[in-house]
Structure formats: C-alpha cells, structure tokens
Amino acid sequence: MSNVIVEALKSGDYSDQVLKDALLLKGGEEQELFAAAREKRLEFYPDNKAQARSVIEISNICRQRCRYCSIGGKDQRFNYSLDANQMEMLMDYLYKDGRRVVLLQSGENPSEKFIREVETAVKVIKEKHSDLRIILCMGDLTREQYQRLYDAGASDYVIKFEASNEELFNKCKPNDNLENRLKCIQDLADIGYRVGSGNIVGLPGQTLDDLVSDIKLVHDLPLGMNSTTIFIPAENSDFANEPAGDANLTLNMMAIMRIMNPSRLMPTTSSLEKMIEEGQYLGLMAGANTVTIHDGTPEELQEYFPIYSTHRVRPQIEHFRDILNRANMTADIC
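Before going into details, it helps to say that this report is about the structure given with it. Everything numeric here is computed off the predicted structure, so don't read it as measured data. (Residues numbered from 1 in each chain as written. Predicted model: local features only at pLDDT ≥ 70, side-chain atom pairs only at ≥ 80, totals over all residues. Heavy atoms only, no water.)

A short note on the overall build of the chain
In terms of helices and strands, the chain carries 13 helices and 9 strands. Rg of the C-alpha trace for the chain: 19 Å, near the compact-globule value of 20 Å for 334 residues, within the 12% margin. The 334 residues of the chain split such that 59% are buried. Across the chain, every contact between residues at least 6 apart in sequence was considered, and the portion connecting residues at least 24 apart equals 75%. By element, 47% of the accessible surface of the chain is carried by carbon and sulfur atoms, the whole surface being about 13500 Å². Averaging the locations of the 38 positively and 51 negatively charged side chains of the chain gives two centres separated by 3 Å. (Helix = DSSP H or I, 4+ residues; strand = E, 2+ residues; numbered from the N terminus. Rg over C-alpha atoms; globule rule 2.2 N^0.38 Å. Buried < 20%, exposed > 50% of the residue type's maximum accessible area, 1.4 Å probe, protein only. Contact = heavy atoms within 4.5 Å. Areas by Shrake-Rupley, 256 points an atom, 1.4 Å probe, with all protein chains shown as cover. Lys, Arg positive; Asp, Glu negative; His and termini not counted. Charge placed at Lys NZ, Arg CZ, Asp CG, Glu CD.)

Re the packing of helix α9 (residues 208–220) against helix α10 (residues 247–260)
Taken N-terminus to C-terminus, the directions of α9 and α10 make an angle of 30 degrees; their axes are 10 Å apart at the nearest point. In terms of orientation, α9 and α10 fall into the roughly parallel class. As α9 runs across α10, the sense of the crossing is right-handed. Note on element contacts: α10 touches α9 through L249, M253, I256, M257 and M260, opposite L208, L211, I215, V218 and H219. In terms of residue class, the contact of α9 with α10 is built from 9 nonpolar, 1 polar and no charged. (Axes fitted to C-alpha atoms, helices over the stretch in contact; angles between N-to-C directions. Parallel < 35°, antiparallel > 145°, perpendicular 65-115°, else oblique. Left-handed = near helix turned anticlockwise from the far one by under 90°. Nonpolar A, V, L, I, M, F, W, Y, C, P; charged D, E, K, R; others polar.)

Observations regarding the side chain of H129
The topology assignment puts H129 in the loop between α5 (112–128) and β3 (133–137). Residue classification places H129 among the buried positions, given a relative accessible area of 10%. The residues contacting H129, other than those within four sequence positions of it, are D92 and Y95.

Topic: the environment of V118
Within the secondary structure, V118 is located in helix α5. Leave out the neighbours within four places in its chain, and V118 touches I58, M87, L104, L136, M138 and L149.

Comments concerning the nonpolar core
Counting residues in hydrophobic clusters, the biggest one holds 99 residues, and the most contacted among them are M91, L104, V118, L136 and Y193. When residues of this core are assigned to their parent elements, the largest contribution, 9 residues, is made by α10. In this structure, M91 is in contact with I56, V102, L104, A121, I125, L132 and I134, ignoring residues within four places of it in sequence. Residues L103, I135, V158 and L265 belong to the second largest nonpolar core, which totals 9 residues. (Core = buried A, V, L, I, M, F, W, Y, C linked by side-chain atoms within 4.5 Å.)

Focus on the pairing of strand β2 (residues 101–106)
Most of β2 sits inside the fold, with 6 of its 6 residues counted as buried. Side chains V101, L103 and Q105 project from β2 onto one buried face, and the interleaved V102, L104 and S106 project onto a second face that is buried too. Bridge count between strand β1 (residues 49–59) and β2: 5 bridges; the pairing is parallel. If you follow S59 over to β2, its bridge partner there is S106. Sheet analysis places β2 next to β3, joined by 5 bridges and oriented parallel. (Pairing = 2+ DSSP bridges.)

With respect to the pattern of salt bridges
Under the criterion given, the structure shown has 29 salt bridges. A salt bridge links E117 to K113, with the shortest nitrogen-to-oxygen separation between them at 4.0 Å. Taken together, the positions of E117 and K113, both in helix α5 and 4 residues apart, correspond to about one turn of that helix. On the basis of relative accessible area, K113 is assigned to the exposed category, the value being 54%. With a closest N to O distance of 2.6 Å, R194 and D156 form a salt bridge. Placement of R194 in strand β5 (residues 194–201) and of D156 in strand β4 (residues 156–158) is noted, with a sequence separation of 38 residues between them. Given the relative accessible area of 24%, R194 is considered partly exposed. With a relative accessible area of 0%, D156 lands in the buried category. Beyond isolated ion pairs, a larger network of salt bridges with shared partners links R63, E108, D140, D176 and R181. (Salt bridge = Lys/Arg side-chain N within 4 Å of Asp/Glu carboxyl O.)

Following this line, the structure appears as structure tokens:
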C-alpha cells in the first residue's frame, strides 16, 4: 500500500486521496516516504548541505492576539524592542562567530519607529557584511514598509498563513484575515523577496481535509521557502488546554512538501525539537535542509518571547553540527 502512495506522489499525483493517505503513513511506510523526500532533496541539492538559521527575537510587541500564541497574553510581564544599534551588535556578533544567515523575528508591530529601527540596522549591517543573508519575520506590514526593508538589504521574509481554511484561520487569528495575509505574501514576492510560508499542524478544530488544503496552498504560492510546524498549547494562550499536534503528521507533511516543492528551502524548527525526542534530526530525515537555531537573542530577554511556550527549546550551533553529522549532511555557509 505504501509503495503505491509514495510512488504516486513521486509521479506527481497530488490528488486529495493520495495526500490524505500519505499524511497518515506510519512505521516502515512512513520511512519510505521520508526516503523519497531525501531522494528528491538530493536531486535539487546534490551537495546535501543544510543551512543554519540563527534567530534574533528583536521585539515581543504585537498588535495581534493569536489564540495559539503566548505573546501579548494577559500575563505578559514585560514588553521590549531592540533599537538599531542593539540589532546591529547582535548581527555583528553572529557574523563574527561564523553565521551567514540571520532571522530577525518580532511580534507584529507596524509602528514607524520600530520599522525605522529595523531598516537602519539592516542597512548598516549589510554595508559591513554584504554576504550576510537577512530574513525578516515581522507579520503583516504595508507594501511600502516591505519595500523599505528590502531596499535596506533584507532579502527573505517568513510569513506563515497558518491555516488555509478561512473559518479556522479566523478562529485562531481573530484580528487578522486570510485574504490580507495572502496579499502580503504576494506583495513580498512582487517586491523581490524570497518568501517563506506554511501552516501549523494540530490547531484545534483542524481536519485532515484542512491539511490537504494547506499542502495545496503551499504548493501554489510564489514561495522560495516553505514550512510546517507543530501546534504546542502555549501556557498563556487561549488554547492552553487544547491537545498538542501530532509529530508524525507534522513530519509526514514536511516530507510531502519536499516531494511537491523540491527546490525550496525548508526548516526543521525548535518547536519540533520540543515536542518529540530528536525532533529536528527527524525533520532533516523528512527532507528539511535548514535548521533553526536560537543563539541570537540576549539571554536576559529570552523568557519574554514565549511564542509556543514559556519553556522553549533553544538549539545551539553544536546541536546543528551534531544532527547534520547523524543525517549524513554537511553544513552550508552558516
């Protein structure tokens, strides 16, 4: 049965039934799916390298109140926002430590002061280190703001749509709307960014049909990066008492995304590491070729950027090297 499903995917059959069956594979059948994903990755990345993506959480101020996220929750004790000089110093430190890809992540804050600080930091650091690739993850902004940040030197932008089912999206993100989110993705692509987007597996009320719709939307969007992450019931969120997402389902979705979108970058994230033993290593085995590490945020601020949990996993560069070695991959310039 599994061979039929995996072979159907490899031949380009992305029908709903094939995708559903592939999502539910387990055991030896799941391993065949992962092997097919690695095979497809090797076709487009024959050097078999993976990229380290260092995260700096530059601000926890957020106008959204997403129901799955702890940021902005009623018990949030402290708001912070790094200024341009602080961002520059952190990126400079990471560069000197060997990193060449940095992700600046924040809550959604479109204020002119904050955008100007990020714009200044990006411009200054790119003038110093032109080979540093800067990824932004700052949520819904205006096209004019996206353009300014791109002109300053940011080249990539991560903006997940989270859920392709509009009703589910509204349930999870009551202060946003799916149409606007997709417009932001298109604006970013039109400007010239390499855009990353994707979904969350295990959101309360999500169905298998929803996940199939997510897979198809990821495939159709103008992306250079795609991802899927596992739902974790964050302690200080509306969904704190909901069950966590399924790790096998998440890994299967990663493998399907790799087979359907072989040329894209795909991360294996710290949320997967938190939810399952060796989660990020398993993500590599399911076709990922980027590893998210958390070595950029100042230690004294880390507890104030909880996202999926107040007890987060923060993988370091040694972890990256270890799991790459075990996956028989090598490090890209990182």
